[in-house]
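Descriptive structure summary
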Amino acid sequence: MIRALFITLALLAASPLRAEVSITEVTSPNGIKAWLLEDHTIPFTALNIRFQGGTSLDRAGKRGAVNLMTALIEEGAGDLDAQGFAKARDDLAASFSFRSDADGITVSARFLTENRTQALALLAQALTAPRFDQDAIDRVRGQVLAGIEADAKDPSAIAARLSNAAIYGTHPYGSDDAGTAESVKALTRQDILTAFADAIATDRMVIGAAGDMTAADLGAALDGLLGGLPKTGAPLPAKASPNFQGGITVQDFPGPQSTVLFSQSGMNVNDPDFMAASLVNEIFGGGRFTARLMTELRDKRGLTYGVGTGLASMAYGESMDGSFQASNEKVAEAVDVLRAEWAKLATGDITQAELDAAKTYMVGAYPLRWDGNGAIASILVGMQINGFAIDYPKTRNDLVRALTLDDVNRVARRLLQPDQLQITVVGQPNPTPK
Amino acid sequence: MQPVFRIAAVMGALALPAFGEPVTEFALDNGLKIVVIEDHRAPVVTQMVWYKTGRADEPAGQSGIAHFFEHLMFKGTDTVEAGAFSAIVAANGGQDNAFTSDDYTAYFQRVPADQLGEMMRLEADRMANLNLSPENVATELQVILEERGQRVDSDPSALFREQMSAAQYLNHPYGLPVIGWLHEMQQLNRDKALDFYARHYAPNNAVLVVAGDVDPAAVRDLAQIHYGPLAPSETLPPRLRPSEPPQLAARRLTMADARVAQPYIMRSYLAPERNAGDQKQAAAITILAEVLGGSGTTSVLSRALQFDSQIAVYSGAGYDGVAVDPTTFSLIVVPSAGVSLADAEKALDETLAKFMQTGVDPADLARIKTQVRAAEIYARDDAGDLARSYGAALAVGLTVQDVQDWPAVLDAVTAEDVMAAARAVLIPEQSVTGWLETKASP
């Protein structure tokens, strides 16, 4: 699913590690678990809480309810209205963010050690006693509607919408999780309350923390922060049945360039071949200037400013996706090159030199991702969602190093499916790409 | 709720450096300034080289050459093939890139700390020994044209901002876009690029910032080995840009584009920048931006336009004083569905007028000061961000001392200072008001 591609990659690729990284599993007196990386260098803590399910839990006819609900959590809690809550939070110099996506809701908090107790008490209010005042609902609904309107004229958003609908059909991945103008206008306060009850519960909760907090402090804080939440929510969403039928769709949109989005089937993060697939993706369309597609489309031919691919291993479906933008008169050539590269890689033609370069990149990038308390808290959540062991950071690079040229070429042949490659073009390409 | 509009990303933010971390400053005999920021939490280092050369230092008629040249710095030297520098960074798991602004061009690598010497060797090499093939230059020209297509010509908000800047500056080159005007970009070539290189790229026009798990003495030794042998330029042009005449007329512009989904108003005012040893007024303007439009909930504009009335779905204020010459203070209002731009502008003006009468709410000021102090702590979490703060400041002529003084200067700002800054900046004759509207597709 294209919208969430980059979020998912961040979780997956997030591969610690500080030289002596040591993650602790903390369990509160009432049994709430969290992973913690202590670091007392800077007097603040980052806390990341993820509730799985997310906007895919929207009930029939209520598309956009979880998205709107999530945006409203910070708009007043307990005896504080939206203004009062924002002032209380800012007086503590804490920051809280609440974001929803197709697989979950993420709460990211950052608070100073000097007023940690007050900050956590305020966050607990938001999570356990959000007000969902009608005036806040109407105000934030206006912002959501403005966003939906903006997306209707955003070529990237248009491309993602067309592509997702074709691939995922009626599964929640097949539609925009902000909803439509019509569905959002119809949402009532009761719908918001229902979405909150469906989505925010401890049975789907994963927690990571990093920074200036001991295991004992965190364990003691978790019950006060999250003990008031309901134990169960709505059943988690079903797996998607994606249909990558191949072919190319062109949607007219004014402007000098076209946005091109492409997608085919992916691989689950728990598949034994996933690490090899990650190397294949890195060689093909990864983050380096030297990846094949960057070399062929940008460096050799000047067809685009940038191109990349990624493996989106979502909770309920997988895909391999990518995108670029190119001038309308260059799109057809760029698509031809893309298809040729896709077909070439599908034969398993990775060279030892390419593999070695990609491996040293992935191994070397490992410690570099361990970048600040906020990033680490998010990594700890991603590891738990992927079902990785707590000592995964110590073994991960060995998994990369162990892969041979035969492994990656076998997986390239398994992964790359030129017939499935589904291309969506939004713009006015001329000549028309095939 | 997070701001819906991408334009919000350029507004607001205190963007504060911190001084909790050890910072060391020195210079080589050839004039290269060096700043070392220690952060020993992870075995990682960021090297940044900042050239005191940007869009506003370009020859007339060659808008975009500074940015184009930034791309060409990746195209190889006498001894390092095109693309090889990036490949070496990637082989170490690192990241590299570069960026250009009005006032500077910066190149950076983030790599394992033990690779710093190798990064210095490569960065020093391309400061002096670039070797550009005509083919690579021609292809890269196509890449920057695509970049303009993607970042500007496909985005009506970006086109609108170009028009706003061009209207704001009557004489100063800040009115031209960093990426360049398309018709001038198309005329850029290898000779122009090499002239630009010869004029601006030299150790005495650069600042090296090293941040991460490093020892300042070791950085000094490595820098001496790699950058020390580079000869300084004796023909560096002074940074004297054409300056603004008195601005006597408020300007208005209206732009319509079929791709606009959400019309909005932007207003910009000419505003003074931070100056070495003299940052008080800029600090007051920074706080003014926070008071007026910093918080999406509690700022003056948000309260008036989104809470007390439902005129807007988003409002904000922005100011960044890190510049060589006078910069801008900006306001934005995105009206709610059914509210006209005229009514939104009227509400904005009424809100500003009322603010000029009632002044700063002391509770607002206290809350912003609390966040200023906390920002110093949070900023220490990202050594790369600190490197950018120091690098940008030094590249525009501020000093390490100015950067370290900045939080205290902000903290000393009084309510009277904020209102004096508002009176000095919010002058209609020095403003541009722009409406970005939608229009029916032809």
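Keep in mind that this is a model prediction, so the values were computed, not measured. Each chain has its residues counted from 1, running along the sequence as written. Here chains are named by letter from A upward and ligands by number from 1 upward, in the order in which they appear as written. Only residues with pLDDT of at least 70 are given local features in this predicted model, and only at 80 or more are side-chain atom pairs given and counted; all residues enter the totals for whole chains, interfaces and linings. Water and hydrogen atoms play no part in the side-chain values, which are based on all heavy atoms of the structure.

In this section: the overall build of chain A. Secondary structure elements are defined from DSSP: runs of H or I of at least 4 residues count as helices, runs of E of at least 2 residues count as strands, and each element is numbered from the N terminus. If you tally the helices and strands in chain A, you get 16 helices and 13 strands. To sort residues, take the accessible area from a 1.4 Å probe on protein chains only and compare it with the maximum for the residue type: under 20% means buried, over 50% means exposed, and anything in between is partly exposed. Classification of the 434 residues of chain A by burial places 61% in the buried group. Accessible areas in this description were obtained via Shrake-Rupley with a 1.4 Å probe; residue shielding takes into account the shown protein chains only. Summed over all atoms, the accessible surface of chain A reaches about 15500 Å², with 52% contributed by carbon and sulfur. Positive charges come from Lys and Arg alone, negative charges from Asp and Glu alone, with His and the N- and C-terminal ends not counted. Lysine's charge is taken at NZ, arginine's at CZ, aspartate's at CG and glutamate's at CD. For chain A, the centre of its 39 positive side-chain charges and the centre of its 50 negative side-chain charges are spaced 2 Å apart.

As a further point, take helix H15 (residues 392–401) of chain A. All names here are of chain A. Inspection of H15 places Tyr392, Pro393, Arg396, Asn397 and Val400 among the buried residues, and these make up the whole buried set. When H15 is viewed along its axis, its buried side chains cluster within an angular range of 130 degrees and face the same direction. Looking at the packing, one finds that the buried side of H15 touches helix H10 (274–285), helix H13 (352–368) and helix H14 (373–385). The arc in question is the one traced by the directions running from the helix axis out to the C-beta atoms. For this analysis, residues touch if any pair of their heavy atoms sits within 4.5 Å.

Residues and elements named next belong to chain B. Among the structural elements, Asn131 can be located in the loop between helix H3 (116–128) and helix H4 (134–153). For Asn131, a relative accessible area of 39% puts it in the partly exposed group. Sequence separation between Asn131 and Glu81 is 50 residues, and the spatial gap between their C-alpha atoms is 8.9 Å. With residues near it in sequence (within four places) discarded, Asn131 still touches Lys75, Gly76, Thr77 and Asp78. Pairing of N or O atoms within 3.5 Å defines a polar contact, subject to two protein rules: one partner must be a possible hydrogen donor and the other a possible acceptor, and residues neighboring in sequence count only if both atoms are side-chain atoms. Among the polar contacts listed, one links the side chain of Asn131 to the side chain of Asp78, at a separation of 3.2 Å.

The subject of this paragraph is the packing of helix H13 (residues 383–395) of chain B against helix H14 (residues 400–411) of chain B. A packed helix pair is summarised by two numbers, namely the angle formed by the two axes and the spacing between the axes. Residue and element names in this part refer to chain B. Running from N to C, H13 and H14 cross one another at 120 degrees; their axes reach a closest spacing of 9 Å. It follows from the interaxial angle that H13 and H14 lie oblique. Our pair here, H13 against H14, has a crossing hand that is right-handed. Touching Tyr390, Ala393 and Leu394 of H13 are Val400, Val403 and Gln404, all from H14. Throughout, an axis means a line fitted to C-alpha atoms (over the contacting stretch in the case of helices), and angles, computed between N-to-C directions, take values from 0 to 180 degrees. Here is the rule for angles: anything less than 35 degrees is roughly parallel, anything more than 145 is roughly antiparallel, 65 through 115 is roughly perpendicular, and the remaining ranges are oblique. Left-handed describes a crossing in which the near helix is turned anticlockwise from the far one by less than a right angle; the clockwise case is right-handed.

Below, the discussion takes up the interface of chain B and chain A. Note on interface size: it is often stated as the accessible area lost on association of the parts. On the chain A side, the residues contacting the 56 residues of chain B number 66 residues. Buried surface area refers to the total accessible area, computed with a probe of radius 1.4 Å, that the two partners give up upon joining, counted for both partners together. Across the chain B/chain A interface, buried area totals approximately 5300 Å², and carbon plus sulfur atoms make up 56% of it. Think of a salt bridge as a Lys or Arg side-chain nitrogen and an Asp or Glu carboxyl oxygen that are within 4 Å of each other. Summed over the shared surface of chain B and chain A, the result is 4 salt bridges. Elements that contribute at least two residues to the side of chain B that touches chain A include exactly helix H2 (84–91), strand E4 (95–100), strand E5 (105–112), H4, helix H10 (300–307) and helix H12 (362–379) of chain B.

Bringing empty space enclosed by the protein into the picture now. Residues and elements named next belong to chain B. A pocket here means an open set of points on a 1 Å grid, computed over the protein atoms alone, that has protein on both sides within 12 Å along at least five of seven lines. A cavity is instead a set of points where a 1.4 Å probe fits but cannot get out; residues with an atom within 4 Å of a point line either one. Grid points are joined across faces, edges and corners, and a volume is the space filled by probe spheres set on the points. Taken as a whole, this structure holds 2 cavities of 30 Å³ or more when the rule is applied. Taken as a whole, the largest cavity holds about 70 Å³ of empty space. Looking at the largest cavity, it is lined by 14 residues, and the ones nearest its centre are Met73, Gly76, Thr77, Val80 and Phe85. Elements supplying a minimum of two residues to the lining of the largest cavity: H2 and H3. A volume near 40 Å³ is recorded for the second largest cavity.

Before going further, it helps to examine the sheet that holds strand E6 (residues 95–101) of chain A. Residue and element names in this part refer to chain A. Taken in spatial order, the 6 strands of this open sheet run E1-E2-E8-E3-E7-E6, and their pairing is mixed. On the outer flanks of this sheet lie strand E1 (24–27) and E6, each paired with one strand and no other. Averaged over all pairs of adjacent strands, the angle between their axes in this sheet comes to 20 degrees, without regard to strand direction. Two strands qualify as a pair provided that DSSP identifies no fewer than 2 bridges between them. Where strand E3 (residues 44–52) lies against strand E8 (residues 205–211), 7 bridges are found, and the strand directions are antiparallel. By the bridge assignment, Ile49 is partnered in E8 with Ile207. Across the face of the sheet, H14 comes into contact with strand E2 (33–38), E3 and E8 while running at roughly 150 degrees to E8.

Before going further, it helps to spend a moment on the packing of helix H1 (residues 65–72) of chain B against H4(B). Residue and element names in this part refer to chain B. Running from N to C, H1 and H4 point in directions that differ by 125 degrees, and their axes come no closer than 10 Å. In terms of orientation, H1 and H4 fall into the oblique class. Regarding H1 and H4, the two cross each other, and that crossing is right-handed. Within the contact between the two elements, H1 uses His67, Phe68, His71 and Leu72 and H4 uses Val137, Glu140, Leu141, Val143, Ile144 and Glu147.

Membership of the largest hydrophobic core comes to 66 residues, with the highest contact counts inside it found for B:Ile34, B:Phe69, B:Leu208, B:Val219 and B:Tyr227. Of the residues forming this core, the biggest block, 6 residues, is contributed by H3(B). Ignoring anything within four residues of it in the chain, the contact list for B:Leu208 reads B:Leu32, B:Lys33, B:Ile34, B:Val35, B:Gln47, B:Met48, B:Val49, B:Met120, B:Ala223 and B:Tyr227. A:Val21, A:Leu355, A:Met383 and A:Ile423 belong to the second largest nonpolar core, which has 61 residues in total. Among the buried residues, those of types Ala, Val, Leu, Ile, Met, Phe, Trp, Tyr and Cys that are joined through side-chain atoms within 4.5 Å form a nonpolar core.

Looking at chain A as a whole, the pLDDT averages 93, with 95% of positions reaching at least 70. Contacts of residues 1–19 of chain A to residues separated by more than four positions or lying in other chains number 61 contacts, the stretch itself having pLDDT below 50. pLDDT is a per-residue confidence score from the predictor, ranging from 0 to 100.

Okay, the sheet that holds strand E10 (residues 327–335) of chain B next. All names here are of chain B. One open sheet holds the 5 strands; their spatial order is E7-E11-E8-E10-E9, and the pairing between them is mixed. Edge positions in the open sheet fall to strand E7 (251–257) and strand E9 (312–319), since each of these has one partner strand only. Adjacent strand axes in the sheet meet at a mean angle of 15 degrees when their direction is disregarded. Bridge count between strand E8 (residues 264–271) and strand E11 (residues 431–438): 6 bridges; the pairing is antiparallel. Bridge assignment links Ile265 to a residue of E11, and that residue is Trp435. The strands that helix H5 (residues 156–168) touches are E7, E8, E10 and E11; relative to E7, the one it contacts most, it runs at about 160 degrees.

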